[in-house]
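Structural overview
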Amino acid sequence: MTTVLGADLGYATCGLALLRSEGQRWEATALETLRTRPGQPLAARLHVVWARVHEIMESIHGPPDLLAVEAQARAQAGHRERGTTSDEAVAVREVTGLLRALGWQYGVPLVEVEPATWRACLGLPRTADKAQVKRAVLARIGPWSGRLSEHAADAAAVALAGARVAPTEKWRTGGRSR
């Protein structure tokens, strides 16, 4: 069995998806959207994300095999090219670092997946809208009894793609010696 925790990154709104597979069949264990309170200091918002991801990792009787997050490099490169700074982009990179540290703590590798890559892994065009992503995710994981937000659907798409594109040698070592 393979378990992947996917994240659609954000500090105000963060999608999380915990997926498990038996061979090619995937099912969702958790699909949710975390929301932090506006006006809170960034550290407090990051703690909310950390606490929930930690809770998920503790609840599954052993860490997931992989953490997959939506890559932010292109967004940051766009800001550099324009000579601008985005506080939001910097904060989202801090969420990536937070998840990377949690992965290291648990011995789980982290892979960053570009949006174009996860759309392609779902068989979608680069211009696919949120409704198309939701339909494609549900086609791969089966029915979901709860509400599937666009953030949770994106996180599931990232998890599915991460499992497909992650280098296998990192899977065996978990990113550090166990």
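In case you missed it, the structure is sitting above this.
Let us look at the structure shown here. (Residues numbered from 1 in each chain as written. Predicted model: local features only at pLDDT ≥ 70, side-chain atom pairs only at ≥ 80, totals over all residues. Heavy atoms only, no water.)

1. Comments concerning the pattern of salt bridges
Under the criterion given, the structure shown has five salt bridges. Glu32 is the salt-bridge partner of Arg52, the closest N and O atoms lying 2.6 Å from each other. Pair noted here: Arg52 is in helix H1 (residues 42–59) and Glu32 is in strand E3 (residues 25–35), with a separation of 20 residues, a long-range link. Given a relative accessible area of 22%, Arg52 falls into the partly exposed group. In the salt-bridge network here, residues are joined through shared partners; they are Glu32, Arg52 and Glu55. (Salt bridge = Lys/Arg side-chain N within 4 Å of Asp/Glu carboxyl O. Helix = DSSP H or I, 4+ residues; strand = E, 2+ residues; numbered from the N terminus. Buried < 20%, exposed > 50% of the residue type's maximum accessible area, 1.4 Å probe, protein only.)

2. Thoughts on the packing of aromatic side chains
As enumerated under the stated definition, the model contains zero aromatic pairs in all. The ring of Trp118 carries the charged tip of Arg119 above its face, separated from the ring centre by 4.6 Å. (Phe/Tyr/Trp six-rings, centres within 6.5 Å; stacked < 30°, edge-to-face > 60°. Lys NZ or Arg CZ within 6 Å of the ring centre and 35° of its normal.)

3. What about the sheet that holds E3?
Across the sheet, five strands lie side by side as E3-E2-E1-E4-E5; this open sheet has mixed pairing. Each edge of the open sheet carries a strand with a single partner, namely E3 and strand E5 (110–113). Averaged over all neighbouring strand pairs, the angle between strand axes comes to 20 degrees, with direction disregarded. Relative to E3, strand E2 (residues 13–22) runs antiparallel, the two being bridged by 10 bridges. Residue pairing for E3: Arg20 is matched across the bridge by Glu27. Sitting on the sheet, helix H5 (residues 130–141) touches E2 and E3, and the angle it makes with E3 is about 140 degrees. (Pairing = 2+ DSSP bridges. Axes fitted to C-alpha atoms, helices over the stretch in contact; angles between N-to-C directions. Contact = heavy atoms within 4.5 Å.)

4. As for the environment of Val48
Along the chain, Val48 turns up in helix H1. Since its relative accessible area comes to 30%, Val48 is described here as partly exposed. Not counting chain neighbours up to four residues away, the residues in contact with Val48 comprise Leu34 and Thr36.

5. With respect to the side chain of Glu70
Within the secondary structure, Glu70 sits in strand E4 (residues 66–70). This buried residue, Glu70, is left without a salt bridge; Arg119 holds the nearest opposite charge, at 5.4 Å. Separated by 3.4 Å, the side chains of Glu70 and Trp118 make a polar contact. Those residues in contact with Glu70 that sit more than four places away from it in its chain are Ala7, Asp8, Leu9, Val113, Pro115, Trp118 and Val158. (Lys, Arg positive; Asp, Glu negative; His and termini not counted. Polar contact = N/O pair within 3.5 Å; in protein donor to acceptor, adjacent residues only side chain to side chain.)

6. Topic: helix H6 (residues 150–165)
Between its terminal C-alpha atoms H6 stretches 22 Å, which fits the 22 Å expected from 16 residues at 1.5 Å a residue. Residues of H6 that are buried: Ala152, Ala153, Asp154, Ala155, Ala156, Ala157, Val158, Ala159, Leu160, Ala161 and Gly162. (Expected span 1.5 Å × (residues − 1).)

7. Structural notes on the packing of H5 against H6
The geometry of H5 relative to H6 is characterised by a closest axis approach of 9 Å and an angle of 55 degrees between their N-to-C directions. Regarding the angle of H5 to H6, the classification is oblique. Crossing handedness for the pair H5 and H6: left-handed. Counting all contacts with H5, which are made through Lys130, Val133, Lys134, Val137 and Arg140, the residues of H6 involved are Glu150, Ala153, Asp154, Ala156, Ala157 and Leu160. Broken down by class, the residue content of the contact of H5 with H6 amounts to six nonpolar, no polar and five charged. (Parallel < 35°, antiparallel > 145°, perpendicular 65-115°, else oblique. Left-handed = near helix turned anticlockwise from the far one by under 90°. Nonpolar A, V, L, I, M, F, W, Y, C, P; charged D, E, K, R; others polar.)

8. Details of the side chain of Glu32
A distance of 2.6 Å separates a polar atom in the side chain of Glu32 from a polar atom in the side chain of Arg52. Not counting the four nearest positions on each side in its chain, Glu32 is found in contact with Cys14, Gly15, Leu16, Arg52, Ile56 and Ala152.

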